[in-house]
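Inside the fold
The lines below spell out each chain.
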Amino acid sequence: MSWGTELWDQFDNLEKHTQWGIDVLEKYIKFVKERTEIEISYAKQLRNLSKKYQPKKNSKEEDEYKYTSCKAFLATLNEMNDYAGQHEVVSENMTSQITAELTRFVQELKQERKLNFHDGRKAQQNIETSWKQLEASKRRFERDCKEADRAQQYFEKMDADINVTKADVEKARQQAQIRHQMADDSKGEYSSILQKFNHEQHEHYHTHIPNIFQKIQQMEEKRIVRIGECMKTYAEVDRQVIPIIVKCLDGITKAAESIDQKNDSQLVIEAFKSGFEPPGDIDFEDFTQPMKRTVSESSLSNSRWDGKSEPKPGSKSKGKLWPFIKKNKGGGPEDFSNLPPEQRRKKLQQKVDELNKDVQKEMDQRDALTKMKDVYIKNPQMGDAASVDHKLAELGQNMEKLRLEAQKFEGWLAEVEGRLPVRTEQTRRQSGMYDTQNTSAVNNCVQDRESPDGSYTEDQSQESEMKVPVTEFDDEFDDEEPLPTIGTCKALYTFEGQNEGTISVTEGEMLYVIEEDKGDGWTRIRRNEDEEGYVPTSYVEVYLDKNAKDS
């Protein structure tokens, strides 16, 4: 089976077929290249996904990862990161072992094909040139023969005519001889060229063309073998990473099996156990004897009006009632009034910015639709201008709503900024200067600050000096321990504490320091047990105790 003998006359078809073969190779290269791009994109998305759900440093999320279920999830994220790495390996190996090698092979194949078909065309041109020479020689021989016949006929005519001179007859005879000689010469040349052409034609179809076509056949078979090898490599590259992928999946399975629900339940107890005893029974109050009625120490009326009374040692009737107080659920008031001033200002500013962005989006959409409507008006064949009116009206309503909402929040923002201290931005108190006036928020705050032994621990972000209306639970707060003093300070200037959470001082006054400046320009001080608050740090000279500095 040889293309040289079987396809000796299919030069053009072989040229098309080999070009198709190279196109197939280039198509396969493109396929592998797109596969590598998909692998890289998939690996990148997996890494981003793993990174997205990784716990943020110095955040509450880190505390959540003490639970075994969260640890297993973290292990899953890490394994997914390694899993993504294997897809990157697949992409790299396919690029180096298939795409790059096959691209180089295609270039060599194109060059080889070009040389082979160049030789084939050259051989065809040679045989065509020989054929043209043969045809020219044949036509010349034919012409000379006809000319010789005409010259002979003319001589015979002249010789038979008695009126023609002897000289004219001799001239006609010589001309006939010349034409016969030229015909004989053309015959010899034609015979020689014919023999040469037959030899060249035999060599062309039995030697040159078969050799060239054999090279083209070998080239094509080499291409077929190479694409098969690349397909095997394609599968092998995937197979090589399977063991590592299996390890990643085994790691996820192992992490899932390490989840211990009992241990997690115990961690919940350790995290949220208050240490309080459940409230005891409430004593019966006998109203049938109005003159001898005694009020139980555990009654709510006693708690309300005799807030300073202390429970009897060992008494179980005086239980902690406030574990049952409902905390303020949800996201808080719309105006963020439950936040300190600076935090509230930031929240309001953020909300205003979001609303302004939404307004801008609606305006952009309106402008785009207006331009579209103008185009429709000028070119009715492109669309109906009236179809845009409904959407424009809807956008206008949305913009009006957003503007009203933004104005509402801007009003609250202006109100808050008017209450903030009128010094530099660094002197604004970012936290601990403000709390809500509603009772449920106060109860919620206090509940969060009571330790299991009934004492209070100060929460730096919730520190405030505020007066709360007396409730039936005030007697639960009477045993709050104040923050310890960490030094003293001297007022350098007089400060009128008009904002909530601040305290007024006079120049030269000595006071106690209970909280250092946290970097926001405010120091917390105490005058006596009932008066404490914040003053600008630049208004006082602080003398910290040595022990406080060491701690």
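Residues numbered from 1 in each chain as written. Predicted model: local features only at pLDDT ≥ 70, side-chain atom pairs only at ≥ 80, totals over all residues. Heavy atoms only, no water.

Remarks on the overall build of the protein chain
Put simply, the test is: Secondary structure is summarised from DSSP: a helix means a run of H or I of at least four residues, a strand means a run of E of at least two, and numbering begins at the N terminus for each. In this scheme, a residue with accessible area under 20% of its type's maximum is buried, one over 50% is exposed, and one in between is partly exposed, where area comes from a 1.4 Å probe on protein chains only. Two residues qualify as a contact provided that any one of their heavy atoms is within 4.5 Å of a heavy atom in the partner residue. Surface exposure here means Shrake-Rupley accessible area, sampled with a 1.4 Å probe, where a residue is shielded only by the protein chains that are shown.
Along the backbone of the protein chain there are 11 helices and 5 strands. Expressed as a percentage of its 551 residues, the buried residues of the protein chain come to 32%. For the protein chain, long-range pairs separated by at least 24 residues make up 73% of all intrachain contacts whose partners lie at least 6 apart in sequence. Carbon together with sulfur atoms contributes 51% to the accessible area of the protein chain, which is approximately 35,900 Å² in total.

Some remarks on the packing of helix H4 (residues 68–160) against helix H5 (residues 166–257)
Applied cut-off: Lines fitted to the C-alpha atoms define the axes, with helices restricted to the stretch that makes contact. Angles between their N-to-C directions range from 0 to 180 degrees. The labels follow the angle: roughly parallel below 35 degrees, roughly antiparallel above 145, roughly perpendicular from 65 to 115, and oblique for the rest. Under this grouping Gly is polar, as are all residues other than the nonpolar Ala, Val, Leu, Ile, Met, Phe, Trp, Tyr, Cys and Pro and the charged Asp, Glu, Lys and Arg.
For the pair H4 and H5, the least separation of the axes is 7 Å and the interaxial angle reads 175°. It follows that H4 is roughly antiparallel to H5 by the angle criterion. Looking at the contact of H4 with H5 residue by residue, the class counts come to 46 nonpolar, 19 polar and 23 charged.

Thoughts on the pairing of strand S1 (residues 487–491)
Basically, it comes down to this: Each pair of strands is called paired provided DSSP finds at least two bridges between the two strands.
Every second residue of S1 is oriented toward a common face, the buried set being Gly487, Cys489 and Ala491 and the non-buried set Thr488 and Lys490. Where S1 meets strand S2 (residues 510–515), 4 bridges bridge the pair, whose relative direction is antiparallel. Residue pairing in the sheet places Lys490 in a bridge with Met510 of S2. In this sheet, strand S5 (residues 540–544) lies alongside S1 in antiparallel orientation, the contact comprising 5 bridges. Across the sheet, the residue bridging to Gly487 is Leu544, located in S5.

Some details on the sheet that holds strand S3 (residues 522–528)
Overall, antiparallel pairing links the 5 strands, which are arranged S4-S3-S2-S1-S5 in an open sheet. With one partner strand each, in any of the chains shown, strand S4 (531–536) and S5 form the two edges of the open sheet. Recorded for the sheet is a direction-independent mean angle of 40° between the axes of neighbouring strands.

Some thoughts on H4
Going by this rule: Multiply 1.5 Å by the residue count of a helix minus one, and that product is the helix's expected span. Bend is the name given here to the angle between axes fitted to two runs of seven residues, the run ending at a residue and the run starting at it.
Here H4 contains 93 residues, and its C-alpha end-to-end distance of 134 Å stays within 8% of the 138 Å for a straight helix at 1.5 Å per residue. Largest kink in H4: about 35°, centred on Thr95.

Brief notes about the pairing of S3
Counting buried positions over the 7 residues of S3 gives 5, a clear majority of the element. The pairing of S2 with S3 spans 3 bridges and is antiparallel. Directly across from Tyr512, in S3, lies its bridge partner Arg526. Following S2, the chain reverses through 6 residues before pairing antiparallel with S3; Gly519 in that reversal takes a positive phi of roughly 100°. As judged from the 6 bridges shared by S3 and S4, these two strands associate in the antiparallel manner. Directly across from Trp522, in S4, lies its bridge partner Pro536. In sequence, S3 turns back onto S4 through a hairpin of 2 residues.

Some words on the confidence of the model for the protein chain
Stated precisely, the cut-off is as follows: Confidence per residue, as judged by the predictor, is encoded in pLDDT with a range of 0 to 100.
Mean pLDDT over the protein chain: 78, with 78% of residues reaching 70 or higher. Of the regions scoring below 50 in pLDDT, residues 292–330 engages in 60 contacts with residues more than four places distant in sequence or in other chains. Segment residues 419–479: pLDDT under 50, and 143 contacts once partners within four positions in sequence are set aside and those in other chains are kept.

Section: the packing of aromatic side chains
The description of an aromatic ring pair uses the distance of the two centres, along with the angle that the planes make with each other. Short version of the rule: Whether two aromatic rings pair depends on their centres lying within 6.5 Å, for rings of Phe, Tyr and Trp, where Trp uses its six-membered ring; planes under 30 degrees apart make the pair stacked, over 60 edge-to-face, and the rest tilted.
What the rule picks out here adds up to 12 aromatic pairs. Ring centres of Phe141 and Tyr190 lie 5.9 Å apart, and the angle between their planes is 5°; on these two criteria the pair is classed as stacked. Taken together, the residues span a long stretch of sequence, with Phe141 in helix H4 and Tyr190 in helix H5 at a distance of 49 residues. Consider the rings of Phe495 and Tyr539, whose centres lie 5.5 Å apart with planes at 75°: the pair is edge-to-face. A residue pair is termed long-range when its members are at least 10 positions apart, and Phe495 in the loop between S1 and S2 and Tyr539 in the loop between S4 and S5 qualify at 44 residues. According to the relative accessible area criterion, Tyr539 is partly exposed, its value standing at 22%. An aromatic cluster is present here, built from Tyr493, Phe495, Trp522 and Tyr539 joined pairwise through their rings.

Concerning the environment of Gln133
Turning to its location among the elements, Gln133 is positioned in helix H4. When the C-alpha positions of Gln133 and Leu194 are compared, they lie 9.1 Å apart, and in sequence the two are 61 residues distant.

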